Amino acid sequence: MKIACALITHLRIKAELKRQPHLGDLPTIIVDRSHTRPLVIDSSPGVAVAPGTTLEQALALRPNAVTLEADESHYRRVSRQALNALLGVSDRVEDADLGVAYVGIDGLEQMYGGEARLVTTLLNAIPRWLNPRIGVGEGKFPALVAARASQAMGATRVPPDPAAFLAPHPVDLLPVSPGTREALHRFGLHTLGHIAAMPPALVVDRFGHEGWQAWSLARGNDDSLLIPLRHEEAVMERTSLPFSSTSLELLQVASDTLLRRAYARPEIRGRYAGKVHLECAVFRAAPWQKSIAFQEGVNHWERASFIVRSRLEVEPPEVPIDDLSLTLADFTGESGAQLGLLPEARETRQQQLAEVERRLQTRSAGTSALYRVVNVAPWHPVPEMRAVQAPMDQAGAGGIRPLMAPVPVMVREHPDHRPEAVRVGAHWRRVDRIAERWSFDLWWLPRPLTRTYYRVDREDGRQVVLFRDQREDRWYQQGH
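Q: So what exactly am I meant to see when it comes to helix α1 (residues 11–19) here?
A: Helical geometry note: an α-helix holds 3.6 residues per turn, so side chains three or four residues apart project in the same direction. Those residues of α1 lying buried are L11, I13, K14, A15 and E16. Buried-residue contacts for α1 involve β2 (28–32), β3 (39–43), β4 (66–69) and α3 (72–87).

Q: Hey, could you run me through the sheet that holds β3 in this one?
A: Sheet strands pair via backbone hydrogen bonds, and the direction of the pair is either parallel or antiparallel. Here three strands make up an open sheet; going across it, the order is β3-β2-β4 and the pairing mixed. Whereas interior strands pair on both sides, the edge strands pair on one side only; in this sheet they are β3 and β4. Each strand axis lies, on average, 35 degrees off the axis of its neighbour in the sheet, ignoring direction. With four bridges joining them, β2 and β3 adopt antiparallel strand pairing. Following the sheet pairing, I29 is matched in β3 by S43. Lying on the sheet, α1 is in contact with β2, β3 and β4; it crosses β3 at an angle near 70 degrees.

Q: When you look at the confidence of the model for the chain in this model, what are you seeing that I'm missing?
A: Where the model shows low pLDDT, its predicted coordinates should not be examined in detail. In the predicted model, the chain carries a mean pLDDT of 86, and the fraction of residues at 70 or more is 90%. Per-residue pLDDT stays below 50 along residues 335–347; that stretch engages in twelve contacts with residues further than four places along the chain or on separate chains.

Q: Looking at this model, I keep getting lost on the pairing of strand β6 (residues 100–104). Mind explaining?
A: Walk down a regular strand and you will see the side chains alternate between the two sheet faces. Within β6, five of the five residues are buried, which leaves the element mostly enclosed by the surrounding structure. Here β6 shows no split at all, with V100, Y102 and G104 on one side and A101 and V103 on the other all buried. Two elements, strand β1 (residues 2–7) and β6, share five bridges in a ladder whose sense is antiparallel. Of the residues in β6, the one forming a bridge with A4 is V103. Joining the antiparallel neighbours strand β5 (residues 93–97) and β6 is a turn of two residues, in which G99 adopts a positive phi near 90 degrees.

Q: I tried to follow the packing of helix α11 (residues 248–263) against helix α12 (residues 301–314) on my own but got confused; where do I start?
A: Between two packed helices, the angle of one axis relative to the other and the distance separating the axes together describe the packing. Where α11 contacts α12, the axes come no closer than 10 Å and their chain directions differ by 155 degrees. Classed by the angle they form, the pair α11 and α12 counts as roughly antiparallel. Here α11 runs over α12; the crossing is right-handed. Where α11 approaches α12, its residues L248, L251, Q252, V253, S255, D256, L259, R260 and Y263 are matched on the opposing element by W301, A304, S305, V308, R309, L312 and E313. For the contact of α11 with α12, the residue count by class is nine nonpolar, three polar and four charged.

Q: Quick question: what am I supposed to make of the side chain of S44 here?
A: Here S44 is to be found in the loop between β3 and α2 (55–61). Overall, S44 belongs to the buried group, its relative accessible area being 10%. When sequence neighbours within four positions are dropped, the list of residues in contact with S44 reads I13, L26, P27 and T28.

Q: When you look at the sheet that holds strand β15 (residues 401–402) in this model, what are you seeing that I'm missing?
A: Read across the sheet, three strands follow the order β13-β14-β15 without closing on themselves; strand pairing throughout is antiparallel. The strands lining the two open edges of the sheet, one partner per strand, are β13 (371–375) and β15. Here two bridges tie strand β14 (residues 387–391) to β15, and the two strands are oriented antiparallel to one another. Within β15, the residue paired with Q389 across the bridge is R401. Sheet strands in contact with α11 are β13 and β14, and its direction is about 5 degrees off that of β14.

Q: Hey, could you run me through the pattern of salt bridges in this one?
A: Side chains that differ in sign of charge can pair as their charged atoms come close. Summed over the entire model, instances satisfying the criterion amount to 30 salt bridges. The residue R37 makes a salt bridge to E56 at a minimum N-O spacing of 3.3 Å. Placement of R37 in the loop between β2 and β3 and of E56 in helix α2 is noted, with a sequence separation of 19 residues between them. On the basis of relative accessibility, which here comes to 59%, the residue E56 falls in the exposed class. A salt bridge links R447 to D322; the shortest N-O distance between them is 3.2 Å. With R447 in the loop between β19 (427–442) and β20 (449–458) and D322 in strand β12 (residues 321–329), this pair connects stretches of sequence that are 125 residues apart.

Q: Can you help me understand the nonpolar core in this one?
A: Within soluble globular proteins, side chains that are nonpolar generally end up buried alongside one another. One finds L259, Y263, V276, L278, F294, L328 and V388 to be the most contacted residues of the largest nonpolar core, which totals 46 residues. With eight residues, the top contributor of residues to this core is α11. When near neighbours in sequence (up to four residues on either side) are disregarded, F294 contacts Y263, A273, G274, K275, V276, A304 and I307. Counting 31 residues, the second largest nonpolar core, distinct from the first, contains A6, L86, V119 and L123.

Q: I would appreciate a short explanation of the packing of α1 against α3 in the present structure.
A: Their axes nearest at 10 Å, the elements α1 and α3 cross at an angle of 95 degrees. In terms of orientation, α1 and α3 fall into the roughly perpendicular class. Where α1 abuts α3, its residues L11, R12, A15, E16 and R19 lie against E72, H74, Y75, V78 and S79. When the residues that make up the contact of α1 with α3 are grouped by side-chain class, the tally is four nonpolar, two polar and four charged.

Definitions and limits used
- Residues numbered from 1 in each chain as written.
- Predicted model: local features only at pLDDT ≥ 70, side-chain atom pairs only at ≥ 80, totals over all residues.
- Heavy atoms only, no water.
- Buried < 20%, exposed > 50% of the residue type's maximum accessible area, 1.4 Å probe, protein only.
- Helix = DSSP H or I, 4+ residues; strand = E, 2+ residues; numbered from the N terminus.
- Contact = heavy atoms within 4.5 Å.
- Pairing = 2+ DSSP bridges.
- Axes fitted to C-alpha atoms, helices over the stretch in contact; angles between N-to-C directions.
- pLDDT = per-residue confidence, 0-100.
- Parallel < 35°, antiparallel > 145°, perpendicular 65-115°, else oblique.
- Left-handed = near helix turned anticlockwise from the far one by under 90°.
- Nonpolar A, V, L, I, M, F, W, Y, C, P; charged D, E, K, R; others polar.
- Salt bridge = Lys/Arg side-chain N within 4 Å of Asp/Glu carboxyl O.
- Core = buried A, V, L, I, M, F, W, Y, C linked by side-chain atoms within 4.5 Å.

Structure (structure tokens):
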């Protein structure tokens, strides 16, 4: 069976570089803290820290490395995007591991004008920034080794003699237990060629079933079946939260925003969703997930919001969350029971606001122009965590943002850190009076905050609120 292996090396690192471009060429390691000791699970090329190395050992080897916490839910989303792209080329795609997929290509060559063009189509389907590699062979293991032998955005075809092609590659590529790999090395069997040259009876006698498996694969014989993904039509939306929070109100605002956006997608208009899946990234912990099945199909975001909010009130996440992804699935074209949730007047008002929003967007390069203010934690000591602005445009990509986001400012300090002057444009404005001072140390937050606030009267007569972030040693103005 002819199989193509699509390989994305260092997928986790590439996913982080995509969303944090400032990392650039900095040596970076990604750490999984779910074990008793933090372990490295990926590192940027050139760092030379093997997966499974403890964080302590890694930093001893590369003390200047940037350490990132693993975000497995994000990496799975990136992997799923690549898999969905491959499903657009072939309906036989197996998700073997993070960054490794097998594609059945038998019978597709004529459709794409030959094997070379088919392979090019597979490469071009995956986002280019992931730098995929393709290997093609008769079986999954030879295709995997061929993919590993390829350059980024390149492909390798296993030649007619697979055993000769596989011979120089290390036994560490074999899908056997770590103990068996170590034993193979102890017996001097360091390459696939070493194993293939052994009498099979000796290998089986010493290593049992895994020995037979290793010998067969080393000779290029892999008759394992390709297990295709079950195609499930789904619509996914995601938003980052402006800050980590346990606020149920903030989570509900985020879910409403994503539901509005999902139900506005052209491909599901007039259709009914049967379930919704929520996944929240959690700081230094496994993601929080919740699947909610609708008793009847739902084709309006407000009905879905009522159900989701009800479930979240009963079973909310009890940890601070950083972002939210929402997936609608199990679509049908059949009508569900519709509830008259909105009076006609309110629907008219929503339509009027949507029209105003569209007109304003034409003047603002398509960015969201209208927001609604929602109190999510009015009791919170941090002003920007008390309320958020959610975009009114249900089809737009505008995100949730804090209402009173702090703005960096330049401040001249007294030796005791009291503000004496504030830079406004090109000029310094003297602080005439400190009307109020307060401080807090929220050391228990996922990202601790220690601030000292000053409500000051400037010499130009304007009163502003400044604070000094004692962890960053920087000054900010609270809001504009």
